[in-house]
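Structural overview for review
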Amino acid sequence: MDLRVFTEPQQGATYETLLRVAKAAEELNYGAFFRSDHYLHMGAVDGLPGPTDAWITLAGLARETSRIRLGTLMTAGTFRFPGVLAIQVAQVDQMSGGRVELGLGSGWYAEEHAAYGIPFPKEKFGRLEEQLAVITGLWNTPVGERFDFDGNYYQLADSPALPKPVQAKVPVLIGGHGAKRTPALAAQYADEFNIPFASLADSKRQFGRVRAAAEEHGRKADDLVYSNALVACVGRTDADVKRRAEAIGRNVDELKAHGLAGSPAEVVERISAFRAVGSQRIYLQMLDLDDLDHLELIATDVMPQLS
């Protein structure tokens, strides 16, 4: 079971804070540092000092880390044209020496689009399909050849399809709860399928849909990695768990029911249950980015029991 760190900087974090978390995650041997792609906070927080851009952040981290993988869960398709995003991701992959992964979603948070003057189209899923076709098409076009695309939403003509990532295949993550179109899209483009904040039953059901869609698309179901994103709140004592839950404005019982909360032993048992329904990787949503002891506790008391 691969454990990765997943952050939500729109809730309030500077680049320096994210750098500290990423470096700590690298030193503690987490599999990756991922971040959300949002420009507006959610819930009862002020979001100070303000948002950071996902791919600018990852570009900086690419130069200031050396081993840990870096990615988004998920880049909002509404924020960038696919040709521009293909260039950005390829460049950050070069800057990192080939450690980048692209999670791409359709975008959903209407309020942040309004707040920053970003168009929020009604038909987002169709655009996502074309974005994936364009990005992967640009990367897969051999050097010296040209790429053309004539879609309903995007048109590219005589593109040199440069630059190229360092990796021969940048891992692409697709996720969500949709019963039909999402599994089909994952089957066509994804290297990893992620389901965020889902129950055991829903995870098992959705993994099954994606596996079936992959087989229908002519792929082996095991060609994809299957993962969950879950909030983490771990403590050696009940008091530690309560303190960490209060720090993020959550209830312990709710976190235990819907996330990964409790003692290291309880969390190991919970992760093992997700592994039993097909999960191979967990993105630990870490909401208190100043609590580096939390990262260390999971690395020392949870991670070794999952190997």
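Now for a look at the structure at hand. (Residues numbered from 1 in each chain as written. Predicted model: local features only at pLDDT ≥ 70, side-chain atom pairs only at ≥ 80, totals over all residues. Heavy atoms only, no water.)

Here the residue pair Leu73 and Met74 is connected by a cis peptide bond, since its omega of -10° sits within 30 degrees of zero. Looking at the secondary structure, you find Met74 in the loop between β3 (69–72) and β4 (75–76). Residues Leu162 and Pro163 are joined by a peptide bond in cis, for which omega reads 5°. Inspection of the secondary structure puts Pro163 in the loop between β7 (155–159) and β8 (172–175). (Helix = DSSP H or I, 4+ residues; strand = E, 2+ residues; numbered from the N terminus.)

One turn of an α-helix holds 3.6 residues; hence residues three or four places apart share an orientation. Among the residues of helix α8 (residues 238–247), Val241, Arg244 and Ala245 are the ones counted as buried. All buried residues of α8 project into a common sector of 100° when viewed along the axis, lining one side. Among the exposed residues of α8, those oriented more than 90 degrees off its buried face are Ala239 and Glu246. Of the surrounding elements, those touching the buried residues of α8 are β10 (225–234), α9 (252–258), β11 (260–262) and α11 (292–301). Immediately beyond the C-terminal end of α8, within one or two residues, lies Gly249, with a positive phi of roughly 70°. (Buried < 20%, exposed > 50% of the residue type's maximum accessible area, 1.4 Å probe, protein only. Arc of directions from axis to C-beta. Contact = heavy atoms within 4.5 Å.)

Attention now goes to empty space enclosed by the protein. On inspection of all chains with the given rule, the structure shows two cavities of 30 Å³ or more. What lines the largest cavity is Ala232, Cys233, Arg244, Ala247, Ile248, Met286, Leu287, Asp288, Asp291 and His294. Residues belonging to the lining of the largest cavity are distributed by class as follows: six nonpolar, one polar and three charged. In this structure, the second largest cavity is lined by Val5, Val21, Met286, Asp288, Leu289, Asp291, Leu292 and Leu295. (1 Å grid on protein atoms, 1.4 Å probe; cavity = no way out; pocket = protein on both sides within 12 Å on 5 of 7 lines; lining within 4 Å. Points joined across faces, edges and corners; volume = space filled by probe spheres on them. Nonpolar A, V, L, I, M, F, W, Y, C, P; charged D, E, K, R; others polar.)

Turning our eyes to something else, we now look at the nonpolar core. Core analysis: the biggest nonpolar cluster contains 77 residues, and Leu3 and Tyr30 have the highest contact counts within it. Take this core: its biggest share by element is eight residues, from helix α5 (residues 125–140). Aside from chain neighbours lying at most four places away, what touches Tyr30 is Leu3, Val5, Ala25, Ile68, Leu284, Leu295, Ile298, Ala299 and Met303. Of all hydrophobic cores here, the second largest spans eight residues; its members include Val231, Cys233, Val241 and Ile248. (Core = buried A, V, L, I, M, F, W, Y, C linked by side-chain atoms within 4.5 Å.)

For the largest pocket, the calculated volume is near 1200 Å³. As for the largest pocket, its lining consists of 48 residues, of which Phe6, Glu8, His38, Phe197 and Gln285 are closest to the centre. Within the residue set of the lining of the largest pocket, elements represented by two or more residues are β4, β5 (100–105), α5, β8, α6 (181–189), β9 (192–196), β10 and α9. Classifying every residue of the lining of the largest pocket gives 22 nonpolar, 19 polar and seven charged. Reported here for the second largest pocket is a volume of approximately 210 Å³. Looking at the second largest pocket, it is lined by 13 residues, and the ones nearest its centre are Gly77, Thr78, Phe81, Arg127 and Tyr154. Of the residues in the lining of the second largest pocket, the class split is six nonpolar, four polar and three charged.

Shape descriptors only; they carry no functional weight alone.
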